[in-house]
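Fold and geometry: a report
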Amino acid sequence: MSSALTDLFPYPIVQAPMAGGVSVPQLAAAVSEAGGLGFLAAGYKTADGMYQEIKQMRGLTARPFGMNVFMPQPPYAETGAVEVYAHQLAGESSWYATELGDPDSGRDDGYDAKIAVLLDNPVPVVSFHFGVPTPEVLASLRRAGTFTLVTATTAEEAVAVERAGADAVIVQGVEAGGHQGTHRDAPENDGSGVGLLSLTAQVREAVRLPLVAAGGIMRGSQIAAVLAAGASAAQLGTAFLATPESGAAAVHKQALTNPLFVRTALTRAFSGRPARGLVNRFLREHGPYAPAAYPEVHHLTSPLRKAAAKAGDAQGMALWAGQGHRMARELPAGQLVEVLAAELDAARAAMAAGAADGSGGR
C-alpha cells in the first residue's frame, strides 16, 4: 500500500464515516489517538457545519483523520413516484405527529462549497461516496496534500476510480451497513451486490491502487482475512457504532444486539437508495414500495426518523447496521482499536504458524 496512507496511522484500521450524526469528532479522535484512522462525515451537513467539526477535531487530536463527502446526485424525473410514496407515509406522519419533509430540499449536499472548504483548510484524507469526483477535483486535493479515496462496489467502478486519479479505492461489500456507495443508482441491480472477500479479490486484479476493504468486519480475524485477500486496510462502521463515543441514538446502539432484530436487509424505505439496516416495522411496511429517489426520499422521511428517535421507537428509525451487527462490543473506541489490533496480530500469527507447519492453520 502507498506509504502516503500507511504512514498516517499505525494499525490498518479505518473507522467508517457514518453520516447523520454518528461519526462525531469525539469518536473519530478516539480512533485516531488509538492508532487507527478516524473519519468525520460531511453528509447532510452544511459546509460551515463540516468546517466546525474539522476545527473541533483538531482541538481533540493532532493525529491524522479523514472527512467523507457525498457526491451530487443526477436529476430525478419521476416526481410522481415520490408523491405516491408521500401519500403512503401519511399514516406515519399522523402517528408521529409530524409533517413530512420537503423532498426538494437539495440534491448536491453542498458539494462545491465543501470542496472549497477542504481546499482552503486541507485535511489529511478525504473519501467520496455515491460516485467519482472529476480528475480536476482529485488533482486539486492532491496538490493540497490530501490523500483521496473513493468507494466502489464493483470492479468496474474501481477501474473508474483509478482512471479519475484517486489515490485508493474503498471496496465496499454487500455486507456493509448503511448506504451502498454505488456510482449509479440502478434499481435493476438491486440484490446483485458481491460479498467483500470475493469483491476484494476481483478489484485487486482490476486495479493497481491500494484497497481499503469495508463490509461486515467486526473482528481482527476478519481484518486479517481481507488483508490476505489483497486489501491494505479494513474499514469498520457498525463495530464503532456501539461505542460510547458514537453519536448514534441509544436505542440504535441497543438494537444491534437486541434479539428482537434478527437480520438486516437492503432497503430504499428511508432514503430512496439501497442501504442496509436492521429489519423493523418501517422497513417491512414501506421498503417494497419506496421509489429509487435519493435524496428526495431521505428528505421526505427525515422528520419521521427524527420523531421516532426522540420517542425511542426503534421500529420507526433507520437502524443502519452491517451483517455482523450481533458481534458489536460496547467498548470505548480507543480500546476497541487496541482489541482489534491484538486480534489481528493473533490471527496473523496463527496463519503464519499454519503455513510453517503445512497445516494451513487447522
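First things first, this report covers the structure right here in the doc. Values in this document were obtained by computation on a predicted structure and should not be read as measured data. Residue numbers restart at each chain and count upward from 1, following the sequence in its written direction. Confidence filtering applies because this is a predicted model: local features only for residues at pLDDT of at least 70, side-chain atom pairs given and counted only at 80 or more, and all residues used for totals across whole chains, interfaces and linings. Excluding hydrogens and water, the side-chain values take into account all heavy atoms of the structure.

1. Concerning the side chain of Ser93
Among the secondary structure elements, Ser93 is positioned in helix α5 (residues 90-95). Residue class for Ser93 comes out buried when judged on its relative accessible area of 14%. Two N or O atoms count as a polar contact when they lie within 3.5 Å, although within protein this holds only if one can serve as hydrogen donor and the other as acceptor, and sequence-adjacent residues are included solely when both atoms are side-chain atoms. Separated by 2.4 Å, the side chain of Ser93 and the backbone oxygen of Thr98 make a polar contact. Leave out the neighbours within four places in its chain, and Ser93 touches Thr98, Glu99, Leu100 and Leu304. In this text, helices come from DSSP runs of H or I with a minimum length of four residues, and strands from runs of E with a minimum of two, each type numbered from the N-terminal end. Each residue is placed in one exposure class: buried if its accessible area under a 1.4 Å probe, protein chains only, is under 20% of its type's maximum, exposed if it is over 50%, and partly exposed if it falls in between. Throughout, a contact is declared for two residues whenever any of their heavy atoms are within 4.5 Å.

2. Description of helix α8 (residues 155-164)
Listing the buried residues of α8 in full gives Ala155, Glu157, Ala158, Val161 and Ala164. On its buried face, α8 is in contact with α7 (135-143), β5 (147-152), β6 (168-172) and α9 (196-206). Just past α8, the residue Gly165 takes up positive phi, approximately 100°.

3. Description of the sheet that holds strand β11 (residues 275-278)
A pair of strands is treated as paired once DSSP finds two or more bridges between them. Read from one edge of the open sheet, 3 strands run β7-β11-β10, paired in antiparallel fashion. Both edges of this open sheet fall to β7 (178-179) and β10 (264-267), since each of them pairs with a single strand only. Note: β10 against β11, 4 bridges, orientation antiparallel. The partner of Thr264 across the bridge, within β11, is Leu278.

4. What about the pairing of strand β2 (residues 38-41)?
For a regular strand, side chains alternate in direction, first toward one face of the sheet and then toward the other. Side chains Gly38 and Leu40 project from β2 onto one buried face, and the interleaved Phe39 and Ala41 project onto a second face that is buried too. Sheet analysis places β2 next to strand β3 (residues 65-70), joined by 4 bridges and oriented parallel. Looking across to β3, one finds that Ala41 is bridged to Asn68. A crossover connection joins β2 to the parallel β3 through helix α3 (residues 47-60); in handedness this β-α-β unit is right-handed. Orient the strands so they point away from the viewer; a crossover is then right-handed if the path from the first strand over the helix to the second runs clockwise.

5. Things to note about unusual backbone geometry
In the segment running from Tyr294 into Pro295, the intervening peptide bond is cis, with an omega of 10°. Note that Pro295 resides in the loop between α13 (281-286) and α14 (296-311). Within the chain, Asp109 stands out as a residue other than glycine whose phi angle is a positive 55°. The residue Asp109 is located in the loop between α5 and α6 (111-120) in this model. Here Phe130, not a glycine, exhibits a phi torsion of approximately 75°, which is positive. Along the polypeptide, Phe130 turns up in the loop between β4 (125-129) and α7.

6. Quick word on the sheet that holds β6
Taken in spatial order, the 8 strands line up as β1-β9-β8-β6-β5-β4-β3-β2 in an open sheet, and their pairing is parallel. This sheet does not close on itself; its edge strands, each paired only once, are β1 (13-15) and β2. Within this sheet the neighbouring strands show an average axis-to-axis angle of 25°, counted without direction. Two strands pair when backbone bridges link them, and β5 and β6 are joined in this way by 4 bridges, in the parallel orientation. Within the sheet, the bridge partner assigned to Thr151 lies in β6 and is Ile170. Angles run from 0 to 180 degrees between N-to-C directions of axes, and those axes are lines fitted to C-alpha atoms, restricted for helices to the stretch in contact. Packing against the sheet, α3 makes contact with β2 and β3, and its axis sits at approximately 170° to β3.

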